[in-house]
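Listed below are the residues making up each chain.
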Amino acid sequence: MTQITVDGVVQGNGGTSDEDRRNGFVRGGWALGAGDDETRAFLAQTYQRADAFLFGRRTYELFAGGWGTIDELRTHPIGVALNETPKYVASTTLTAPRWEGTTVLADDLATAIAELKAKPGGELQVHGSGTLIRWLLENDLVDEMTLLVVPVVLGQGTRLFPDSGPDIALDLIDSRVDSKGLMTQVYRPGGRPQYAINKLVK
């Protein structure tokens, strides 16, 4: 699950850290105030049904510094879910995570994630973590993808889908638009797309 602009940008949705401003990005904070009460309730319910969370290092550190340490956030339903549920981080540089309930996946990430997915239970959720999501898609490890499309075009920033990457057909499972124009789109990967082939007519 990730927030995304209409032009595909995932960088700097909160606009509160140096990480948001990397590579000269100056348009952070584009998701602040997005979504209505119904969407916020949907988000909380989504977090609460997770059996485990999987993060990239950057998103993990942002979440740990907020949901993991600030009392007001820790007592929020999303914070409660994050703090009480196992967390896994895909990182070769994080060695001493301070957020309780965290396991670092440093070696053979594909095997580690496949083993997590094979465990009985519900959902292994990824929130944010654009780099990790791209890697998971490239390795065919995504079962379902929820995009929260904020009605804004940024014109700069890191995009979820790179200019060169895998081609993936998506089956639309659910789609809704809230009163503020935020679109929630739930997809399941459906193999490779079908392309029209120009046949030579003799």
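If you look the chain up in an unreviewed UniProt entry, it shows as Dihydrofolate reductase family protein from Antrihabitans spumae.

Asker: Which parts of the structure should I look at to understand the nonpolar core?
Answerer: Soluble globular proteins tend to pack their nonpolar side chains together in the buried interior. Counting residues in each nonpolar core, the largest one holds 26 residues, and the members touching the most others are Tyr47, Tyr60, Phe63, Ile78, Leu82 and Trp99. Every element with two or more residues in this core is listed here: helix 1 (37–48), strand 2 (50–56), helix 2 (57–66), helix 4 (77–84) and strand 6 (145–150). A total of four residues in this core trace back to one element, the largest contributor, which is helix 1. Ignoring anything within four residues of it in the chain, the contact list for Tyr60 reads Phe55, Val89, Leu94, Pro97, Arg98, Trp99 and Thr102. One finds Leu132, Leu137, Val142 and Tyr187 within the second-largest nonpolar core, a separate group that totals 22 residues.

Asker: Would you take a moment to explain the side chain of Gln11 for this structure?
Answerer: Mapped onto the fold, Gln11 is located in the loop between strand 1 (2–5) and helix 1. The exposure class of Gln11 is buried, given its relative accessible area of 4%. In this structure the side chain of Gln11 is engaged in a polar contact, spanning 3.0 Å, whose partner is the backbone nitrogen of Thr158.

Asker: How do you make sense of the packing of aromatic side chains when you look at a structure like this?
Answerer: By convention here, two paired aromatic rings are described through the distance between centres and the angle between planes. All chains considered together, the criterion is met by five aromatic pairs. Taking the centre distance of 6.2 Å and the plane angle of 25 degrees together, the rings of Phe53 and Phe55 count as stacked. Residues Phe53 and Phe55 agree in their burial class; the two are buried. Residues Phe55 and Phe63 carry aromatic rings whose centres are separated by 5.2 Å and whose planes lie at 55 degrees to one another, so their mutual orientation is tilted. For Phe55, a relative accessible area of 0% gives the class buried. Three or more aromatic residues link up through ring pairs in this structure, and these residues are Tyr47, Phe53, Phe55, Tyr60, Phe63 and Trp99. The lysine or arginine in question, Arg176, covers the ring of Phe42, its NZ or CZ lying 4.7 Å from the ring centre.

Asker: Even after reading the chapter, I still don't get the packing of helix 1 against helix 4, so can you show me in this structure?
Answerer: One can describe the packing of helix 1 onto helix 4 by two numbers: an axis separation of 9 Å at closest approach and a directional angle of 15 degrees. One element, helix 1, and the other, helix 4, form an angle in the roughly parallel class. In this structure, helix 1 meets helix 4 at a crossing whose hand is left-handed. On helix 4, the residues that touch Leu43, Ala44, Tyr47 and Gln48 of helix 1 are Pro77, Ile78, Ala81 and Leu82.

Asker: In this structure, what is going on with the sheet that holds strand 2? I would like to understand it.
Answerer: Sheets are built from strands that pair by backbone hydrogen bonding, the pairs being arranged parallel or antiparallel. The strand order 4-3-2-5 describes an open sheet built from four strands, whose pairing is parallel. Two strands lie at the open edges of the sheet, namely strand 4 (102–105) and strand 5 (123–126), each paired on one side alone. Shown here is a sheet whose adjacent strand axes are inclined to one another by a mean of 25 degrees, direction ignored. In this sheet, strand 3 (residues 87–90) lies alongside strand 2 in parallel orientation, the contact comprising four bridges. Bridge pairing in strand 3 links Leu54 to Tyr88. Here helix 1 sits on the sheet in contact with strand 2 and strand 5, set at roughly 100 degrees to strand 2. Of the strands in this sheet, strand 2, strand 3 and strand 4 touch helix 2, which is tilted by about 115 degrees from strand 2.

Asker: So what exactly am I meant to see when it comes to the pattern of salt bridges here?
Answerer: Once the charged atoms of two side chains with opposite charge are near each other, the side chains can pair. A complete count under the given rule lists eight salt bridges for this structure. Two residues, Asp143 and Lys117, come together in a salt bridge whose shortest N-O distance is 2.4 Å. Taken together, the residues span a long stretch of sequence, with Asp143 in the loop between helix 6 (130–138) and strand 6 and Lys117 in helix 5 (residues 109–118) at a distance of 26 residues. Exposure remark for Asp143: the relative accessible area of 54% places this residue in the exposed category. Relative accessible area serves as the criterion here: at 32%, Lys117 is assigned to the partly exposed category.

Conventions used here
- Residues numbered from 1 in each chain as written.
- Predicted model: local features only at pLDDT ≥ 70, side-chain atom pairs only at ≥ 80, totals over all residues.
- Heavy atoms only, no water.
- Core = buried A, V, L, I, M, F, W, Y, C linked by side-chain atoms within 4.5 Å.
- Buried < 20%, exposed > 50% of the residue type's maximum accessible area, 1.4 Å probe, protein only.
- Helix = DSSP H or I, 4+ residues; strand = E, 2+ residues; numbered from the N terminus.
- Contact = heavy atoms within 4.5 Å.
- Polar contact = N/O pair within 3.5 Å; in protein donor to acceptor, adjacent residues only side chain to side chain.
- Phe/Tyr/Trp six-rings, centres within 6.5 Å; stacked < 30°, edge-to-face > 60°.
- Lys NZ or Arg CZ within 6 Å of the ring centre and 35° of its normal.
- Axes fitted to C-alpha atoms, helices over the stretch in contact; angles between N-to-C directions.
- Parallel < 35°, antiparallel > 145°, perpendicular 65-115°, else oblique.
- Left-handed = near helix turned anticlockwise from the far one by under 90°.
- Pairing = 2+ DSSP bridges.
- Salt bridge = Lys/Arg side-chain N within 4 Å of Asp/Glu carboxyl O.

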